[in-house]
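# Residue-level structure breakdown
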Amino acid sequence: MSSQVVASQPAWAIEGFLETRDGRLHIDGADAVRLADEYGTPLFVFSAPRIRSNIRRLQQAAAAVERPIKFCYASKANSNMAVLRTVRDAGIDIEVNSGGELFKALRAGFRPAQIIFNGTSKTDAEIDEAVSAGIYSINVDSIYEIDLVEASARRLNKRANVTLRLVPEIGTRSHLGLQTALLTSKFGITSSEVAGAFRRALEHPELLHVSGIHIHVGSQTPDVEPFADAFKAMWEHLVRLHRETGHTLEHINLGGGIPVNYLRDRAQADQLPEHERAMLGASLEPVDVLTAALRVAREQARDAEAEHLFDRVTILLEPGRSVISDAGLVLTTIRNIKRRPETGDVWLLTDAGYNLMLSMNNYKWYYHLISASRAAAPATVGYKVAGPLCDSGDVYFDIEREGRLPDYRLLPIDARPGEVLALLNSGAYSLAQMFPYNGRPLPAAVLTGEGGQVELIRRRDTYEDLLMNDVW
Ligand SMILES: *Cc1c(COP(=O)(O)O)cnc(C)c1O
């Protein structure tokens with residue numbers, strides 16, 4: 001491709017992955033409109049090369065800080081089996097949040113030593129599954145849960161690896177619902193409880209192997225400071241534990257939250273509230289996060305004469321969004337159009353509702369919308385855009401009039417039914433959260449590969465699937 005063509009690509013383009021060719025959106029060289037024809041819409045499209053390059057960026061960050069980092073993909077972001085296989089083949093590990101995700105991780109071929117289990121409300125059955133599989137770590141969320149894991153280890157006559165999850169009161173500039181290190185968050189053990197919790201967990205070393213300490217400051221964290229503060233807090237606990245008990249933790253888990261830039265195309269960025277703009281347009285790189293955290297830890301280690309501990313500790317990260325978000329998009333077709341004489345608005349009604357992108361509704365998350373059919377045409381006209389659900393809240397703007405999303409979406413002039421649109425950066429927390437509201441069969445998903453080959457990775461539901469578990 002000549003550099004001239006590259007230079008004329010839209011702002012949302014990603015070279016070699018998301019491009020316009022012959023006026024249409026292409027994904028890894030596959031024509032998005034042909035995909036829509038072949039598989040129907042709505043359709044999830046994921047890019048295996050983009051997943052791999054996102055993972056490579058993480059691995060390069062580890063290389064840059066000259067420190068082996070154990071990356072555990074947060075599978076709640078997207079646990080489609082082909083996505084898990086792609087992540088596993090790219091050479092990283094996995095984090096699960098339920099027995100179901102543990103089952104999927106094992107079935108996708110992750111070895112137990114690659115698996116971490118988080119969660120606030122684990123059942124005895126789930127804990128037994130994790131203990132008998134012998135996973136890398138069960139991250140306990142409370143002192144009470146230490147009892148549960150210990151009882152499971154006793155029941156199964158098998159030692160369990162446990163990590164304590166802390167909630168050290170660290171805020172971020174993300175949505176409150178996505179902040180997880182505040183005392184108002186439901187997660188973790190507080191700073192005042194930590195010493196007691198460790199003492200409790202160390203009581204029966206034949207049952208519990210206390211291997212680490214964990215924090216997750218939240219999702220889409222746009223600044224390095226929360227990561228650095230979190231690391232500092234955990235490091236201090238690690239050193240104190242060593243001093244007081246002689247026990248050495250093997251790992252510090254810094255959680256997920258590396259942000260994704262949802263505003264590569266800033267055409268509508270100025271219509272978002274300032275704090276949303278800063279958060280959604282975050283350009284923080286994994287290497288920045290690791291560098292900041294390690295700098296703090298190195299300084300502290302020197303001051304505390306604890307370099308020997310620092311050299312031994314393994315650092316874990318649990319990236320979800322930053323692996324899969326910009327590797328996925330939703331193709332949707334305009335099914336209906338209406339012009340409201342009173343307001344002059346043109347409404348476009350698509351076939352992709354909030355049942356596929358829950359965040360657009362509950363967090364008013366901004367997914368940049370483009371025309372796949374006319375990807376090179378200038379997006380100059382504002383339309384009211386809405387999904388197909390029988391719910392007034394199923395719209396691509398902020399129905400509450402709090403201005404958290406643009407009131408109009410910019411698309412080329414004369415948009416009309418049959419045109420295929422694409423919601424970009426929608427690979428995380430979308431397919432994983434979808435539900436068949438309104439009797440809408442769940443969509444298919446495809447995975448694109450280098451050179452434009454396409455693989456079906458999820459069959460579209462049939463009407464029969466809608467009946468699957470009903471008993472009557
Ligand atoms: C959700 C979650 C993650 C992943 O967060 P991202 O923002 O998607 O990177 C990691 N760790 C834990 C414990 C989580 O709950």
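In this text the structure is predicted, and so the values were computed from the model without any measurement.

### Comments concerning the overall build of the protein
- Regarding its fold elements, the protein presents 15 helices and 20 strands.
- Against the compact-globule benchmark of 23 Å for 472 residues, the protein has a radius of gyration of 23 Å, which places it among compact chains.
- When the backbone C-alpha atoms are referred to their principal axes, the protein occupies close to 75 × 60 × 45 Å.
- Here the protein holds 472 residues, and 57% of them are scored as buried.

### Focus on the domain arrangement of the protein
- For the protein, the domain assignment lists domain 1 (18-47 + 328-461) and domain 2 (118-319).
- Using C-alpha coordinates to define each centre, domain 1 is positioned 35 Å away from domain 2.
- The interface is formed by 16 residues belonging to domain 1 together with 18 residues belonging to domain 2.
- Approximately 1500 Å² of surface area, both sides summed, lies buried where domain 1 meets domain 2, with 58% of it carried by carbon and sulfur atoms.
- On the surface where domain 1 and domain 2 come into contact, there are 0 salt bridges.
- At the boundary of domain 1 and domain 2, one finds 5 residue pairs in polar contact (both at pLDDT 80 or more).

### Overview of the pairing of strand E18 (residues 420-423)
- Across the two faces of E18 the burial is the same, with Val 420 and Ala 422 and Leu 421 and Leu 423 all buried.
- Bridge analysis of strand E13 (residues 328-339) against E18 gives 4 bridges, and the strand direction is antiparallel. From the neighbouring strand, Val 330 faces E18, where its bridge partner is Leu 423.
- In this structure, strand E15 (residues 369-371) lies alongside E18, joined through 3 bridges in antiparallel fashion.

### Some words on the pattern of salt bridges
- Overall, the coordinates contain 18 salt bridges when judged by the stated rule.
- Its salt-bridge partner being Arg 52, residue Glu 450 comes within 3.2 Å of it at the nearest N-O pair. Note that Glu 450 is positioned in the loop between strand E19 (444-448) and strand E20 (454-458) and Arg 52 in helix H3 (residues 48-64), a separation of 398 residues in sequence.
- With its nearest N and O atoms 2.9 Å apart, the salt bridge here joins Arg 458 to Asp 461.
- In this structure, a network of salt bridges that share partners links the residues Asp 147, Glu 150, Arg 154, Arg 200 and Glu 203.

### Quick look at the side chain of Thr 350
- As for its position among the elements, Thr 350 is in strand E14 (residues 346-350).
- In terms of polar contacts, Thr 350 uses its side chain to reach the side chain of Tyr 396, at 2.8 Å.
- Apart from residues lying up to four places away in sequence, Thr 350 is in contact with Thr 332, Thr 333, Ile 334, Arg 335, Val 385, Ala 386, Gly 387, Pro 388, Tyr 396 and Leu 421.

### Topic: helix H2 (residues 32-39)
- Along H2, the residues classified as buried are Ala 32, Val 33, Leu 35, Ala 36 and Tyr 39. The buried residues of H2 occupy an angular sector of 160 degrees when the element is viewed end-on, so they sit on one face. Of the exposed residues in H2, the ones pointing more than 90 degrees away from its buried face are Arg 34, Asp 37 and Glu 38.
- Gly 40 lies just past H2 and shows a positive phi near 80 degrees.

### Notes on the pairing of strand E6 (residues 93-96)
- Residues Asp 93 and Glu 95 line one face of E6 and the alternating positions Ile 94 and Val 96 line the opposite face, and both faces are buried.
- Pairing geometry for strand E5 (residues 69-74) and E6, over 3 bridges, is parallel. Across the sheet, the residue bridging to Cys 72 is Asp 93, located in E6.
- Regarding the hand of the β-α-β motif, the stretch spanning E5, helix H4 (residues 81-89) and E6 is right-handed.
- Relative to strand E7 (residues 115-117), E6 runs parallel, the two sharing 3 bridges. Among the inter-strand pairings, Ile 94 is bridged to a residue of E7, identified as Ile 115.
- As for the winding sense of the linkage, the β-α-β connection from E6 through helix H5 (residues 99-107) to E7 is right-handed.

The rules behind the values
- Residues numbered from 1 in each chain as written.
- Predicted model: local features only at pLDDT ≥ 70, side-chain atom pairs only at ≥ 80, totals over all residues.
- Heavy atoms only, no water.
- Helix = DSSP H or I, 4+ residues; strand = E, 2+ residues; numbered from the N terminus.
- Rg over C-alpha atoms; globule rule 2.2 N^0.38 Å.
- Buried < 20%, exposed > 50% of the residue type's maximum accessible area, 1.4 Å probe, protein only.
- Domains from an automatic or database assignment.
- Contact = heavy atoms within 4.5 Å.
- Buried area = accessible area lost by both parts, 1.4 Å probe.
- Salt bridge = Lys/Arg side-chain N within 4 Å of Asp/Glu carboxyl O.
- Polar contact = N/O pair within 3.5 Å; in protein donor to acceptor, adjacent residues only side chain to side chain.
- Pairing = 2+ DSSP bridges.
- Arc of directions from axis to C-beta.
- Right-handed = clockwise from strand over helix to strand, strands pointing away.

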